[in-house]
Amino acid sequence: QVQLVESGGDFVQPGGSRRLSCEASGSIFCSYVMGWYRQAPGKERELVEGIGSGGRTNYADSVKGRFTISRDNAKNTDYLQMNSVKPEDTAVYYCNAFLNLHQNYWGQGTQVTVSS
């Protein structure tokens, strides 16, 4: 069992930056693929960026060059650095830890609102 707690969501001005954190507990963090997803009102949840246990990353085209995911296995934490944010980045951001279909965990979500 893995418990995930996100933090860092807040109001951000367009063009600004914000870092989200996801702290994991309860299992072997370094073995999991960690990801950040987001869900805007009226839309489906979508993958923003993911990072494998070896550090390989993948990301949505909409955040390419602006968002960066990283992980600190010693702290059981992964991060989403958001730069040059846009109003369309407004969403609830969810942390995900995936090992297999039976070990797939979600955090409670953190709201990011981009507005002037």
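To keep things clear, this report deals only with the structure shown in the data block. (Residues numbered from 1 in each chain as written. Predicted model: local features only at pLDDT ≥ 70, side-chain atom pairs only at ≥ 80, totals over all residues. Heavy atoms only, no water.)

### Some words on the state of the cysteines
So, point 1. By the definition in use, this model includes one disulfide.
So, point 2. Sulfur-sulfur distance for the disulfide between Cys-22 and Cys-95 comes to 2.0 Å. Of note, the bridge from Cys-22 to Cys-95 carries an S-S torsion of about -80° and is left-handed in sense. Of the two residues, Cys-22 sits in strand E3 (residues 18-25) while Cys-95 sits in strand E9 (residues 91-100), which places them 73 residues apart along the sequence.
So, point 3. A relative accessible area of 0% means that Cys-95 is categorised as buried. (Disulfide = S-S within 2.5 Å. Helix = DSSP H or I, 4+ residues; strand = E, 2+ residues; numbered from the N terminus. Buried < 20%, exposed > 50% of the residue type's maximum accessible area, 1.4 Å probe, protein only.)

### Notes on the sheet that holds E3
So, point 1. Read across the open sheet, the four strands follow the order E1-E3-E8-E7; overall the sheet is antiparallel. At either margin of the open sheet sits one strand with a lone partner, and together these are strand E1 (3-7) and strand E7 (67-72). For this sheet, the mean inter-axis angle between neighbouring strands, taken without regard to orientation, is 15°. (Pairing = 2+ DSSP bridges. Axes fitted to C-alpha atoms, helices over the stretch in contact; angles between N-to-C directions.)

### Some words on a nonpolar patch on the surface
So, point 1. Taken together, the side chains of Val-33, Phe-98 and Leu-101 define a hydrophobic patch exposed on the protein surface, amounting to about 300 Å² of accessible area.
So, point 2. Judged by its relative accessible area of 32%, Phe-98 falls in the partly exposed class. (Patch = residues over 30% accessible without salt bridge, like charges linked within 9 Å, V, L, I, M, F, W, Y side chains within 5 Å. Areas by Shrake-Rupley, 256 points an atom, 1.4 Å probe, with all protein chains shown as cover. Salt bridge = Lys/Arg side-chain N within 4 Å of Asp/Glu carboxyl O.)

### With respect to unusual backbone geometry
So, point 1. Non-glycine residue Asn-76 carries a positive phi angle of around 55°.
So, point 2. Within the secondary structure, Asn-76 is located in the loop between E7 and strand E8 (77-82).
So, point 3. Asn-76 sits in the partly exposed class, given a relative accessible area of 25%.
So, point 4. The backbone of Ser-84 sits at a positive phi, close to 50°, despite the residue not being glycine.
So, point 5. Locating Ser-84 in the fold gives a position in the loop between E8 and E9.

### Here's the deal with the environment of Lys-75
So, point 1. Along the polypeptide, Lys-75 turns up in the loop between E7 and E8.
So, point 2. Taking the C-alpha atoms as reference points, Lys-75 and Phe-29, 46 residues apart in sequence, are found 9.1 Å from one another.

### Focus: the nonpolar core
So, point 1. Leu-4, Met-34, Trp-36, Phe-67, Leu-80, Met-82 and Tyr-93 are the most contacted members of the largest nonpolar core, which totals 27 residues.
So, point 2. No other element matches E9, which puts four residues into this core.
So, point 3. Ignoring sequence-local partners within four residues, the contact set of Met-82 consists of Gly-16, Ser-17, Arg-18, Leu-20, Arg-66, Phe-67, Tyr-93 and Val-112. (Core = buried A, V, L, I, M, F, W, Y, C linked by side-chain atoms within 4.5 Å. Contact = heavy atoms within 4.5 Å.)

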